[in-house]
Amino acid sequence: MYSFEPNEEQQMLIDAVGKYAENDLRPAAHDAEENRELPKKLVSKGWELGLLQASVPETYGGFGERSAVTGVLAVEEMAYGDLAGTLAVMTPSLFATPVLLGGSEEQKQEYLPKIIEGEWAPYTAALVEYAFDFDPTALKTTAKAEGSSFILNGEKAFVPFAKDAEALIVYANLDGGTQGFIVKKEAAGLSISEEREKAMGLNALPMYRIKMENVTAERLGGASGHDFELILSAMRVASAAAAVGVARSSFEYAKNYAKEREAFGVKIAQKQAVAFMLAEMATEIEAIRLLTWEAAWKLDNGKEDAHTAAYLAFTGAADMAMMVTDRGVQIYGGHGYIRENPVELLMRNGRGFPMLLGTAIV
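The structure reproduced in this document is the subject of the present report. (Residues numbered from 1 in each chain as written. Predicted model: local features only at pLDDT ≥ 70, side-chain atom pairs only at ≥ 80, totals over all residues. Heavy atoms only, no water.)

### Observations concerning the overall build of the protein chain
The cut-off we apply is this: In this description a helix means any DSSP run of H or I spanning at least four residues, a strand means any run of E spanning at least two, and both kinds are numbered starting from the N terminus. The quantity called the radius of gyration is restricted to C-alpha atoms. Its globule counterpart is 2.2 Å times the number of residues to the power 0.38. Think of it in three bands: with a 1.4 Å probe and only protein chains considered, a residue is buried below 20% of the maximum accessible area for its type, exposed above 50%, and partly exposed in between. By definition, residues are in contact when any of their heavy atoms lie within 4.5 Å. Surface exposure here means Shrake-Rupley accessible area, sampled with a 1.4 Å probe, where a residue is shielded only by the protein chains that are shown.
The number of helices and strands found in the protein chain is 10 helices and 9 strands. Here the C-alpha atoms of the protein chain give a radius of gyration of 20 Å, agreeing with the 21 Å that 2.2 N^0.38 yields for 362 residues. Taken across its 362 residues, the protein chain has 55% of its residues classed as buried. In the protein chain, the proportion of contacts linking residues at least 24 apart, taken out of those at least 6 apart, comes to 74%. Entry remark: accessible area of the protein chain is about 16600 Å², with carbon and sulfur atoms responsible for 52%.

### Digging into the layout of surface pockets
Going by this rule: Both site types are read off a 1 Å grid over the protein atoms alone. A 1.4 Å probe that fits but cannot get out defines a cavity, while an open set with protein on both sides within 12 Å along at least five of seven lines defines a pocket; lining residues have an atom within 4 Å of a point. Grid points are joined across faces, edges and corners, and a volume is the space filled by probe spheres set on the points. Here the term charged refers only to Asp, Glu, Lys and Arg, the term nonpolar to Ala, Val, Leu, Ile, Met, Phe, Trp, Tyr, Cys and Pro, and the term polar to all other amino acids, Gly among them.
In this structure, the second largest pocket spans a volume of roughly 370 Å³. Together, 15 residues line the second largest pocket, and L38, K40, V43, W120 and F161 are the ones closest to its centre. Considering every element that reaches the lining of the second largest pocket, the biggest residue donor is helix 2 (residues 40-47), with 3 residues. For the lining of the second largest pocket, the residue count by class is 8 nonpolar, 1 polar and 6 charged.

### Thoughts on helix 7 (residues 272-300)
Let me state the cut-off plainly: To estimate the expected span of a helix, subtract one from its residue number and multiply by 1.5 Å.
The end-to-end C-alpha distance of helix 7 is 42 Å, a good match for the 42 Å that 29 residues give at a rise of 1.5 Å each. The elements touched by buried residues of helix 7 are helix 3 (68-79), helix 6 (228-260) and helix 8 (306-332). G302 occupies a position one or two residues after helix 7 and carries a positive phi of about 65°.

### Concerning unusual backbone geometry
One non-glycine residue with positive phi stands out, namely F158, at about 55°. Here F158 is to be found in strand 3 (residues 149-160). Residues other than glycine seldom take positive phi values, yet N214 does so here, at roughly 55°. One can find N214 in strand 7 (residues 207-219).

### Here we look at the environment of S250
Structurally, S250 is set in helix 6. Using a relative accessible area of 0% as the deciding quantity, one classes S250 as buried. For the pair formed by S250 and L346, sequence separation is 96 residues and the distance between their alpha carbons is 6.4 Å. Every residue in contact with S250, bar those within four places of it in the chain, is listed here: V324, T325, G328, V343 and L346.

### Structural notes on the nonpolar core
Here is the rule we go by: Joining through side-chain atoms within 4.5 Å is the link that ties buried Ala, Val, Leu, Ile, Met, Phe, Trp, Tyr and Cys residues into a set, and such a set is a nonpolar core.
Judged by nonpolar contacts, the single largest core of 100 residues is most densely connected at F95, I115, Y171 and I331. Ranked by residues supplied to this core, first place goes to helix 6 with 16 residues. Core analysis: the second largest hydrophobic core is formed by 19 residues, L152, L168, V183 and L190 among them.

### Some thoughts on the packing of helix 8 against helix 9 (residues 342-350)
Filter applied, for reference: Orientation is described by axes fitted as lines to C-alpha atoms, over the contacting stretch for helices, and by angles from 0 to 180 degrees between their N-to-C directions. Small angles under 35 degrees read as roughly parallel and large ones over 145 as roughly antiparallel, with 65 to 115 read as roughly perpendicular and the rest as oblique. The hand of a helix crossing depends on one turn: near helix anticlockwise from the far one by less than a right angle means left-handed, and clockwise means right-handed.
Orientation of helix 8 relative to helix 9, taken along the N-to-C sense of each, is 160°, at an axis distance of 8 Å. Classified by the angle between their axes, helix 8 and helix 9 sit roughly antiparallel to one another. Crossing geometry of helix 8 relative to helix 9 is assigned as left-handed. The segment helix 8 lies against helix 9, with A321, M322, T325, D326, G328, V329 and Y332 engaging V343, E344, L346, M347 and G350.

Spelled out as structure tokens, the structure:
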């Protein structure tokens, strides 16, 4: 059995991230969404909390060891403040974590210290493709071996900070399986759209489409490659934790509103229909949180069914976030549909979780 009690170190991290989410991310979320830009100081302050740095060993410039459980605790807390801000702060982990989990020793030595020891820098990754049947394990972007290098062809969507990235990991189909490839910003044949993606939510996060025409790349893990399933599961539990954070935020707003708003002489929280909705929201959040913690624990302990658990946590979290954030708007009534209201943004962001890793139905 395992404990549900964070250890002292994890609790300190949760408290620090919680203060940042409550005092910095949440107050800035509305204006950042409307202005389509996150203040650089806000992202830098989040980076200085050291979430990624604490998951990288000292050998590579960090000051800790990777723990999926610690990661999901921290990501949930940060996403409670704002999803776009969280994704911006954590964008370098899209590059650093796969290198840590699947990179060769040379790749770890080359990239991790300069990412971890420096200020926030836009290292990123490209996984999602525009396709109704998008499947991260059956990509349309292709990789072909050519000597010791690989040639990439294809297109990717929703790549955060692609325009400014020093390097990115592009996932592609190699002989029927998915592998990551390191592409540097100056690579010939790599083109990045001038315009940012126009999405339903997450407009504060700059995302771009990229195109590769015979781009020469370096395989993650060297000649033998890497275990993509391990990287995909890490992405899934992190996304699930973020969904729990967003849903919890919407639930808290709705609950507090229901306890204050009166209709026909009573608080609407006392109305059976509203009380049932709040109870269902709380139940679903707690259920998916436990599923996410379990999946993260299984990943940390190398359990045989860890990847299945991560998949279930992600798909469940994507559905839960949509349901809970929609109920948040419902409880606010007409006020919830107004652009100024935080539950409106939470609902648009909650709808985006299936997009983060492609469709949830894989």
